[in-house]
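One-letter residues, chain by chain:
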Amino acid sequence: MRGSRGGRERDPGVEEILRGRRGEGPISRKAPGPVAWFDVRSMTTGHLAFSIHRITGIGIVFYLYLHLAVLSMLLGGEDAWSGFLELATTPLFLGLDVILVFGLLVHGLNGTRLALVGSGFVADHQKALFWSGMAFGAILLLYAALHVFTAGD
Amino acid sequence: MTRGSPHVLIVGGGGTGGALAHDLALRGVRVTLVERGEFTSGTTGRHHGLLHSGARYAVNDAESAVECIEENTLLRRIAPGSFEENDGLFVGVTDEDMAYLPGFLEGCEATGIPTQVLQPAEALRLEPMLSPDLKVAVRVPDATMDAMRMPLRFFATAKANGADLLNWVDVADLELAGGTVSGARVRDLVTGRTTRIGADIVVNATGPWSEQVASMAGVDVPIRPSPGVMLAVRGRLTNMVINRLHASGDGDIVVPQRALSVVGTSSWFVEDPDDLGVPADHVQRMIDEGSILVPAVRHAEFRAAWSAARPLIGSREDADSGRELSRTFKTIDHAVDDGVEGFVTITGGKGTTLRGMAEVCADVVCRKLGIDTPCSTRDTVLLPHTAAYAA
Amino acid sequence: MTTKGGSTRRLLLHRYRRGDAEPHIEEHDVPADEGTTVLAALRWIQLHRDPSLGLRHSCFHASCGTCGVRVNGREHLACVTMLADHEGTIAVDPIANLPVSHDVVVDMQPFFARFPDQHPIVRASEPLPHADATDAADGIDEHERFEDCIECGLCLSACPIAATDATYLGPAALAYAQRLLEEPRGTDREAILDWADQVNAAWGCHAAFECTEACPSDVRPAQRIMALRRELRRRRRRQGREVPEPENGTARP
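Cut-offs used in this document
Residues numbered from 1 in each chain as written. Chains lettered and ligands numbered in written order. Predicted model: local features only at pLDDT ≥ 70, side-chain atom pairs only at ≥ 80, totals over all residues. Heavy atoms only, no water. Helix = DSSP H or I, 4+ residues; strand = E, 2+ residues; numbered from the N terminus. Expected span 1.5 Å × (residues − 1). Buried < 20%, exposed > 50% of the residue type's maximum accessible area, 1.4 Å probe, protein only. Contact = heavy atoms within 4.5 Å. Buried area = accessible area lost by both parts, 1.4 Å probe. Salt bridge = Lys/Arg side-chain N within 4 Å of Asp/Glu carboxyl O. Polar contact = N/O pair within 3.5 Å; in protein donor to acceptor, adjacent residues only side chain to side chain. Pairing = 2+ DSSP bridges.

> Help me understand helix H3 (residues 45-71) of chain A, please; the structure alone is not making it clear to me.
Residues spaced three or four apart along an α-helix point in a common direction, a consequence of the helix completing one turn every 3.6 residues. Here H3(A) spans 37 Å end to end across 27 residues, near enough to the 39 Å set by a 1.5 Å rise per residue. Among the residues of H3(A), those classed as buried are Thr45(A), Gly46(A), His47(A), Leu48(A), Ala49(A), Phe50(A), Ser51(A), His53(A), Thr56(A), Gly57(A) and Val70(A).

> Looking at this structure, how should I read the interface of chain C and chain B?
Interface size is often expressed as the accessible area that is lost when the parts come together. The interface is formed by 49 residues belonging to chain C together with 56 residues belonging to chain B. In terms of surface lost to chain B, no three residues of chain C exceed His61(C), Leu128(C) and Phe146(C), which account for 16% of the buried area on that side. A salt bridge links Glu38(B) to Arg56(C), with the nearest nitrogen and oxygen atoms 2.6 Å apart. Linking chain C to chain B there are 20 residue pairs in polar contact (both at pLDDT 80 or more). If you list the elements that add at least two residues to the side of chain C that touches chain B, you get helix H1 (38-48), strand E6 (100-102), helix H2 (109-113) and strand E9 (144-146) of chain C.

> Before we go on, may I ask you to explain the pairing of strand E13 (residues 201-204) of chain B in this structure?
Working note: regular strand, side chains alternate between the two faces of the sheet. Residues and elements named next belong to chain B. Every second residue of E13 is oriented toward a common face, with Ile201 and Val203 on one face and Val202 and Asn204 on the other, all of them buried. Here 3 bridges tie E13 to strand E20 (residues 343-348), and the two strands are oriented parallel to one another. Of the residues in E20, the one forming a bridge with valine 202 is phenylalanine 343.

> What should I look at first to understand the environment of Tyr168(C) in this one?
Residue placement: Tyr168(C) occurs in the loop between helix H4 (160-164) and helix H5 (171-182). Between the C-alpha atoms of Tyr168(C) and Cys79(C), which are 89 residues apart in sequence, the distance is 28 Å.

> Whenever I open this one, the side chain of His28(C) confuses me. Can you help?
Residues and elements named next belong to chain C. One can find histidine 28 in strand E2 (residues 24-32). Only 2.7 Å separates the side chain of histidine 28 from the side chain of glutamate 26, close enough to count as a polar contact. With residues near it in sequence (within four places) discarded, histidine 28 still touches Arg9, Arg10, Leu11, Leu13, Ile45 and Arg49.

> Where do I start with helix H9 (residues 354-369) of chain B in this structure?
Residues and elements named next belong to chain B. Across its 16 residues, H9 extends 22 Å between first and last C-alpha, which sits within 8% of the 22 Å expected from 1.5 Å per residue. In terms of residue burial, H9 counts as a mostly covered element, since 12 of its 16 residues are buried. If you check which residues of H9 are buried, you get Leu354, Arg355, Gly356, Met357, Ala358, Glu359, Cys361, Ala362, Val364, Val365, Cys366 and Leu369. After H9 finishes, the residue glycine 370 shows a positive phi value of roughly 75 degrees.

> For this particular structure, what's the right way to read the interface of chain B and chain A?
With 32 residues of chain B at the contact, the number on the chain A side is 16 residues. With both sides pooled, the region where chain B packs onto chain A buries about 1900 Å², and carbon together with sulfur makes up 47% of that total. Among the residues of chain B in contact with chain A, Arg30(B), Asp164(B) and Leu166(B) are the three that bury the most area, contributing 28% of the side total. Along the contact surface separating chain B from chain A lie 2 salt bridges. For Asp188(B), the salt bridge goes to Arg21(A), with nearest N and O atoms at 2.8 Å.

> Whenever I open this one, the pattern of salt bridges confuses me. Can you help?
A side chain of one charge can pair with a side chain of the opposite charge if their charged atoms are brought near each other. Scanning all chains against the criterion turns up 50 salt bridges over all chains. For Lys30(A), the salt bridge is made with Glu75(C), and the minimal N-O distance between the two is 2.7 Å. Placement of Lys30(A) in the loop between helix H1 (12-20) and helix H2 (33-37) and of Glu75(C) in strand E4 (residues 74-77) is noted, with the two residues assigned to different chains. Residue Glu75(C) is classed as buried on the basis of its relative accessible area of 6%.

Below is the structure:
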């Protein structure tokens, strides 16, 4: 603790100590930003939801660009589009579709939770809201996956 | 003599050191305080947070009682917002307690401590968690403080007034030049480097460590570190401080601290104030005695148990258990007592009397330095404790 | 400290001196029994191995908030955290998102710098169990008690937003502001709401709730931040305000 002393001299030893402490020490840090999002070991529920929300959010944005790129194939005419549709009905692609639905469900359901909690209602039940939301999402995902893989059969 | 205005080096950053830095800074004296740990980490921060009415000393230690009630009143004025001003109760449960009552009331009257005798029903209305077997309760102006944050206000104000308060600086040795203490060799624990601080007067404000520091100057001070155990349980069982209406004994006080209740205390002697231990039988005694006053203590969830050392004034030949020694405080000018110039010890006392101790010591220090500015700590409202952390 | 029926625990201690290129980890084997706290173990090291070890503590009973550390990565008050509750080696590090002073001691100045400039309040105590609050004796209308928050900084350490955004004022300061709204006791309500109505204040929280998990004093800062937002929205509806930008993008002094 250094006081203001209105111009009076400090003892040289005191001056030396204060000089040695000048500035700030290094900031104590856990893992940095996006790396920390994946370290789920010591996360509690709310933190897990926060990380998942960011990861799925980025994923959805990435998908948006992908989707626009795919749609632009329509400009290439019927042949180009049919070629894409063949690819799009392969099991691998259908699997990716299911992953997309998973991301949308998680982000949407958690987003609803965030809207409720962030408004100051039900903040005390945020954990229950998350897990019940995810459970509901799991049911919807199962339903969606079944339809994705069996539609048209 | 150092260049320029006189420089006082205070060794010890407990409540006493902080209050002394504040007093001297107000008098325009150049002050540096060194503390080897965090401020109040030695003993001051560990007590249960009682702002003493002095009633505990009203019968056997009138000097301490008067000091307490005066400082109690004063501190509420200069540190507003730092106290839970809910008063305290001295609760009588047994016939022996009742026998203590008349002498207690007389002692309080004689020492200026206001009292109000309450019948059990009234006491239970105020404090429903009290033992239903209580026979009488006497209301006194006890209050509760945060044991660290209230003293920290002295540090905050001293710093704002120009004092240099250096925590994490350990005194390795005192420097003597021909029978005069001229400074200290210190180590900064932040950087690991050793340096020397020169001073016209070094004040030993190290509480239970007073003897250790005094020996660096080749003098002896009659301080016996006397620890006591305290126990914190979960649950704010009372809002008022609850004391047992008897002569001092173990576990005879229950103090609310936020959402906890602190039961204290016990007493024994140690040689090394750094190594107190927490005797399990003492902790059990806190539970047993505390639940006589507040039965819920017995089954309340454990939070913490710890020891804190009182700096008791008294030589090795004095009374056996710590309690019989006085809780008053003492300023020792070693030039007078031991022929060592430039060295003063301030010791003894209680958390409640920090300002008063500092005033007496600052008077001695200023007299030695030929400074005649009077004390103004009685009327100076202290800054909030958060100011101690300002850049 | 006793070792009756006890064992030895290995601590991995963060050591740092100002001026070091980087911190290093020191191993210490410490005698412990089932009641040994992290703080007791650290003080044993200080007493028996290295007196220069920097440790912050004061009250020993979770009231002063000075002994905050990270034990195996999670925030705890060292004085009430038992070694026995952790398996294996015990890593002790300083709390995060604040500058390290030395060893496991952090500089709390930036923590307190985030708080609104209103003095600490002593608040009304809750009625005790079984108490009839209307029967207060004369002279005591209302019992007072200190705020729960002990300014330990564990919440700021646990907050993932504070980890990446130095301007975010953080859970403790925001929870404190919300307490002032609940019980003003002479503080300036509008000034507090102005202070809170910033992107780096009440709107900076992303609901990770780690602060509430880490808090040793049941302050529930995350819930208080959400309550603060409710107040701010209420005020906005009343006044039709826009969000003002923070003045210079840095944490408020």
